[in-house]
Amino acid sequence: MAQRSNWGDDPTSSKRMRMDTDLNCPVTEFLTKWDEYQLFQLTKFYRNRLEQAIEEGVDGVSSWLTYEQIFSGQEHAKVIELVEKGNRADSSKLLLTLVMEKGSVARRVMWQSFVKMRVGVPKLDKILKEMQELGPDPFDYIMTIAQGLSELPSHLKDVQQKHKETLRVQTEKLTVNTILVKEKVKTFQLVDRYTELTIISTVRDRTLVEHELLARGRDHDEWREKLLRRELEKIQTTQLFQSSFSPKKSKSGSSTAVSGVPGIGKTTLVQKIVYDWATGKIYPRFQFVFSFKFRDLNSINCRINLRNLILFFYSYFGNVLGELWKNPEGLLFIFDGLDEFKDRIDFADNWRNTEPQSMCTDPECWCEVSDIVYSLIQHKLLPGCSVLVTSRPTALHLLEKAEISVWAEILGFVGDERKEYFNKFFEDQTVAAAVFKHVEENEILYTMCYNPSYCWILSLSLGPFFTQRDRKQQQVPKTITQLYSYYIYNILKNHQREIESPRDVFLKVGEMAFTGVSEQKIVFTNGDLIKYNLQPSQFLSGLLMELLERDDSAQSVVYTFAHLTIQEFVAALAQFLTPDCGNILKLLSEAHSKEDGRFEIFLRFVAGLFSAQAAFPLEKFLGRFSHQTTCLVIDWVKEKIEGQIGNIESETGKRNLLNTFHYLFESQNKAVAQATVGSVKRLSFSGLRLTPIDCAVLSHVIGLCDTIKHLDLVGCYIQCEGLQRLEPVLHKCEELRLDHNNLGDSGVKLLSASLRNLDCKIQKLKLYHRADTDSCAEDLASTLRTNQSLTDLDLSWSNLRNSGVKLLSVVLMNSHSKIQKLKLDNTALTDSCAEGLVSTRISDITNINQSLTDLDLSHNNLGDSGVKLLSVALGNPYCRIQTLNLYHNALAHSCAEDLASVLSTNRSLMELDLGDNKLGDSGVKLLSVVLRHADCKIQKLNLCRNKLTGSSAEELNLTGSTNQPLTDLELSSNTLGDSGVQVQSAALRNPDCKIQMLKLDHNTLTGFCAEDLASTHSINQSLTDLDLSHNNLGDSGVKLLSVALGNPECRIQTLKLDNTNLLDYCAEDFTSALGKNRSLTDLDLSWNNLRESSVKLLSVALGNPECKIQKLNLGHNSFTDSCAEDLASGLSTNQSLTDLYLGSNSLTDKSVPALRRLIQTCSSLERIQLQENQFSPNVIQQLELLQKSRSGLSVGVSGWASIYST
């Protein structure tokens, strides 16, 4: 059954129908004052978009219309039936059809429901916001678009007819290159070959740092998923101009930008638009369409006007153009390939608005081609006309300041559109099915298929394997390098008699291709060919025509590789053909150092070409690859992997390691892989988004390793699809972290297969935040009955609910279970779960399962009744639980009696977390009785956030003197006050007190309690960790504490005084004490008002050779550049400090010399955090580079990090 909308079933639900009055008021006013005709036109205008917008909430809309007696019960049932079958698109169409048939009242009620339901429905909300932006009366704008243009004058109809016929002839054929000798180019009817592309009404990431193909490949699946979740709106070609997608009214015309990566189909889309207009299928409002390629415009090297520009390409217009200027609303100008234009058009250039030479406001005005394009897009020239511009993402930033009405992007093929391409490419549908099946089964190849150009390369390369009789004896390509290798192989095979020395030709073309990659150049001229000793005549036929496409539609001839990746492959291939390989290492290093990613695919091809599978077919025609080059490339890949394998702390390090893994995958060289990663024990890509391709590569690498001690994929967004690629090797990992990956139930089922593997080595498994349900628990339960390796299982933040936990309890009853730690934190458990888990299960579990020692049930809703039942199990003499976490479980004082009765007899429980509940003073009083008991084993007790006052401290005082095991006591975020601390101090002065950690932060303490605390340090020999943060100790309190710190008997190692209202006045006493203290290693003084004078004194203390401080937090203290100078001076002799946090201060670029000196002279420093200061981007880069100055050093400048993070 299809998933129902979150709107629920009740159409009057306040949660679902909540209305933001300010937001909806303008739209409500429209609906109130519009008559029935206007409302009909409004619905008609937005209908196509409304069909998409209400898909996710169509059941809710239908419920509302039924509630308002617009729909009958039978009509509502028909709508819901389609929803439940998963046909939401058909359901929304049916709903709108029924509403339009029922008339004006139904339409008005429907729009009222839209207003009420806009919250949580992004597409619907977007439409309503656009209506508001149209002004007080958007109807005039809507009607202007709907009415279209007046009839074309009769004397222009002949010209229009000739123009349409010319364009039809130019665009009706689609030519496709082949690799055959006899038939180099195949021609098809456009309508037969054209496969619809998915276009979205937004533009993603207008600037890309990485290789644009690589980057788009990475995030394509994410955006496809968003599209499937109906968060992105599809836009039809008919909606690119003057439609509801236009965000604002414009009397001067409409400009549209369509973005798309190389090969995605921008030019073919333009061809289809022109063809459809010429044949009368679209855009009747446009009387004339003029289409230009920027590649052709590059040949115009002189000033020109718009009239002559049109006549240059469409000479038959003669003298009628003047009449066309009179009606600019009927004109559409198309400019294809902005990224290929030789002249830069930057719409942010202010000089264009002031320089008369660049202002082209008249079609007869002579100017540069770039000025004509600029003026048309900006509506300075022929205001009222429409303009369509296509571009790669790399040039799209030029249009950010342009007057663009509609932004759109070609997403490529989605879903079955991929399969449709292959079916149309191959006449033999058996071959088409075989090729697509192979592609579909290979994740690396399948992900490429969103791009039509990749589909073309796949079809040409793979086709022969499924048409030749001996195909079974050949190895079908699996990597991208192998795929391109066979693509070139097939070209060579079909042209082997046409050229004497293909190796020389490929070397020359490869050198030209490499220069193009280096300079990000994709268009080459005859001059470029001559420069590399290639005769242009060679390209008119034969071998090179398959590598380079000739475009001579303009006056001059230009050449491009069929696709950018082919250019990159040929550039990589040339490295193995050159007789001189002396510079190969330098070339590779320089390419690898480019941070913009332009060489990333090139480097993968280089790594892939040293493999036998990729090299062998090419060597048949090009001769043996240079053995020396191959050895040097292998050494370079080894060096890169070995250098990156231990550098996985930063995101850059993780990304670089992943790239080197891609090199390994492309090489398919097991010997190299095992020599470099075979003994790797720890891999972490946490926080790095991994696509299914990345997961397939990672799976390949892990498969070549021995046992992996630790694999961390936290927050990698791998989802079920990525996990499917990793599943075959996960059993080799001893510790596996898959938190925050949205694996879902299907993902857990895959993981269960790894746990069932007889060779499974997984001991620790974290599935934190999986977004799955209790239905997956059965798979886990079945698996854990047989698994003998798993000891630590974390299912926190999963929607297991009670039934899921009941299933898991069955596993824990298994006497063979090895589970020692079980985390069910925030899994929607209630007291009914405890009854099922405890009364019928845990009492048995503790009898049978002797391994469970750590149980975390925090952030649930067990309540007092749940804990009462849980106590039964804890009271069982066979219970081995040592750590129990009940933090945030809606516990009140009544459960304390049950817990107390258990603690008096339980001999295993040592750690108990009752934080963030409502035990109150009365609850603690009950607990304190058993805590005084000599047999109580509790060592660590958390009572934070429990509404405790000073009277609770008096009760706990007794525990401090009589309960010998208690070492850790957390009382944070209560209201103990100074009186409560005075009582606790008395306990701490008891020589028998064993308290080592005491947390009193957020307890309304003042300086008056400091004397009592200070008095404990000369007597207490156990307390090592004291947290007094977020109290108002002030200078007077810290002065008293300073006396204690200066006492040689003080054993405090960790002291937190952040946000305690410290000022410079106490600095002298405090730093004096630091100079004497020999125990303090961790000090937090953040979020105070310490400034320059304090830092001077602190620096002196830090410079003392006897200072033992290892971690120092000085963040959020308004430190200036002079503070950096003082710290650098003081730390130059320090031999202990390892972690220094200076984030969120006021350091500027001027402090860099001091910071550099600090890092270089403080030899013990391992990590320094400088985030959120006032550094320029250049200085941030300089500071980050400092971590390379010493092995193991981490310098954090960008983003956010804590010095106390692990």
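As a reminder, the structure under discussion sits directly above these lines.
A few points on the structure. (Residues numbered from 1 in each chain as written. Predicted model: local features only at pLDDT ≥ 70, side-chain atom pairs only at ≥ 80, totals over all residues. Heavy atoms only, no water.)

**Examining empty space enclosed by the protein**
In this structure the tally under the stated criterion is 11 cavities of 30 Å³ or more. By volume, the second largest cavity amounts to about 100 Å³. Together, Leu1062, Cys1066, Ala1067, Phe1070, Thr1071, Leu1085, Leu1090, Ser1094, Val1095, Leu1098, Leu1114 and Phe1119 line the second largest cavity. Listed by contribution, the elements that provide at least two residues to the lining of the second largest cavity are α46 (1067-1076) and α47 (1092-1102). Broken down by class, the residue content of the lining of the second largest cavity amounts to 10 nonpolar, two polar and no charged. (1 Å grid on protein atoms, 1.4 Å probe; cavity = no way out; pocket = protein on both sides within 12 Å on 5 of 7 lines; lining within 4 Å. Points joined across faces, edges and corners; volume = space filled by probe spheres on them. Helix = DSSP H or I, 4+ residues; strand = E, 2+ residues; numbered from the N terminus. Nonpolar A, V, L, I, M, F, W, Y, C, P; charged D, E, K, R; others polar.)

**Regarding the packing of aromatic side chains**
The final tally for this structure, using the stated rule, is 38 aromatic pairs. Judged by centre distance (5.6 Å) and plane angle (75°), the rings of Phe292 and Phe313 are edge-to-face. Residue Phe292 is found in strand β5 (residues 288-293), and its partner Phe313 is found in helix α15 (residues 306-313); the two are separated by 21 residues along the sequence. Here Phe292 falls in the buried class, since its relative accessible area comes to 2%. Residue class for Phe313 comes out partly exposed when judged on its relative accessible area of 24%. (Phe/Tyr/Trp six-rings, centres within 6.5 Å; stacked < 30°, edge-to-face > 60°. Buried < 20%, exposed > 50% of the residue type's maximum accessible area, 1.4 Å probe, protein only.)

**Thoughts on helix α41 (residues 920-931)**
The terminal C-alpha atoms of α41, which comprises 12 residues, lie 16 Å apart, in line with the 16 Å expected from a rise of 1.5 Å per residue. Every buried residue belonging to α41 is among Gly920, Gly923, Val924, Leu927, Ser928, Val930 and Leu931, and all of these are buried. What you see down the axis of α41 is that its buried residues fit within an arc of 155°, all on one side. (Expected span 1.5 Å × (residues − 1). Arc of directions from axis to C-beta.)

**Let's talk about the pattern of salt bridges**
Considering all chains together, one arrives at 29 salt bridges under this definition. Residues Lys823 and Asp856 are paired through a salt bridge, measuring 3.5 Å at the closest nitrogen-oxygen approach. Remark: Asp856 occurs in strand β18 (residues 854-856) and Lys823 occurs in strand β17 (residues 821-823); sequence separation between them is 33 residues. Given a relative accessible area of 7%, Asp856 falls into the buried group. Asp1058 is the salt-bridge partner of Lys1056, the closest N and O atoms lying 3.7 Å from each other. (Salt bridge = Lys/Arg side-chain N within 4 Å of Asp/Glu carboxyl O.)

**Points about the pairing of strand β4 (residues 254-259)**
For β4, the buried fraction is high: six of the six residues fall into the buried class. Of the strand pairs in this sheet, β4 and strand β7 (residues 386-391) are connected by six bridges, and their pairing is parallel. What sits directly across from Ser259, in β7, is Ser391. Note that β4 and strand β8 (residues 406-412) share four bridges and pair parallel. Bridge assignment links Ala257 to a residue of β8, and that residue is Trp407. (Pairing = 2+ DSSP bridges.)

**What about the environment of Thr853?**
For Thr853, the position within the fold is in the loop between α38 (831-848) and β18. A C-alpha to C-alpha distance of 6.4 Å links Thr853 and Thr883, two positions 30 residues apart in sequence. What Thr853 contacts, discounting residues up to four positions off in sequence, is Gln820, Arg880, Ile881, Gln882 and Thr883. (Contact = heavy atoms within 4.5 Å.)

**Concerning the sheet that holds strand β3 (residues 198-200)**
Taken in spatial order, the six strands of this open sheet run β3-β8-β4-β7-β6-β5, and their pairing is mixed. The open sheet terminates on both sides in strands that have one partner only, identified here as β3 and β5. The average angle at which neighbouring strand axes cross in this sheet is 20°, direction not considered. Contacting β5 and β6 (331-336), α15 runs over the sheet at an angle of about 80° to β5. (Axes fitted to C-alpha atoms, helices over the stretch in contact; angles between N-to-C directions.)

**Observations concerning the environment of Cys455**
Within the secondary structure, Cys455 sits in helix α21 (residues 452-462). Sequence spacing of Cys455 and Lys419 is 36 residues, and the spatial spacing of their C-alpha atoms is 9.7 Å. Among residues more than four places away in sequence, those in contact with Cys455 are Phe413, Tyr421, Phe422 and Cys449.

**Side note on the nonpolar core**
With 314 residues, the main nonpolar core has Phe333 and Phe685 as its most contacted residues. Not counting the four nearest positions on each side in its chain, Phe685 is found in contact with Lys654, Leu657, Leu658, Phe661, Leu690, Leu698, Asp712, Leu713 and Cys716. Ranked by size, the runner-up nonpolar core spans 33 residues in total, among them Trp64, Leu65, Val79 and Val109. (Core = buried A, V, L, I, M, F, W, Y, C linked by side-chain atoms within 4.5 Å.)

**A word on the packing of helix α4 (residues 58-67) against helix α6 (residues 88-102)**
Across the interface, α4 lies against α6 with an axial gap of 10 Å and an inter-helix angle of 25°. On the basis of the axis angle, α4 is roughly parallel to α6. α4 and α6 meet at a crossing whose hand is left-handed. Here Val58, Asp59, Val61, Ser62 and Leu65 of α4 come into contact with α6, specifically with Arg88, Ser91, Ser92, Leu95 and Val99. Among the residues forming the contact of α4 with α6, the class breakdown is five nonpolar, three polar and two charged. (Parallel < 35°, antiparallel > 145°, perpendicular 65-115°, else oblique. Left-handed = near helix turned anticlockwise from the far one by under 90°.)

**Details of the side chain of Asp968**
If you trace the backbone, Asp968 turns up in strand β22 (residues 968-970). Within the buried set, Asp968 has no salt-bridge partner at all; the shortest N-O distance to an opposite charge, 4.2 Å, is to Lys940. (Lys, Arg positive; Asp, Glu negative; His and termini not counted.)

**Some words on unusual backbone geometry**
In most cases, non-glycine residues show a negative phi, while peptide bonds are predominantly trans. Even without being a glycine, His740 presents a positive backbone phi close to 55°. Looking at where His740 falls in the secondary structure, it is placed in the loop between β14 (733-737) and α35 (744-756). The backbone of Ser1118 shows a phi angle near 60°, a positive value even though the residue is not glycine. Note that Ser1118 resides in the loop between β27 (1111-1113) and α48 (1121-1131).

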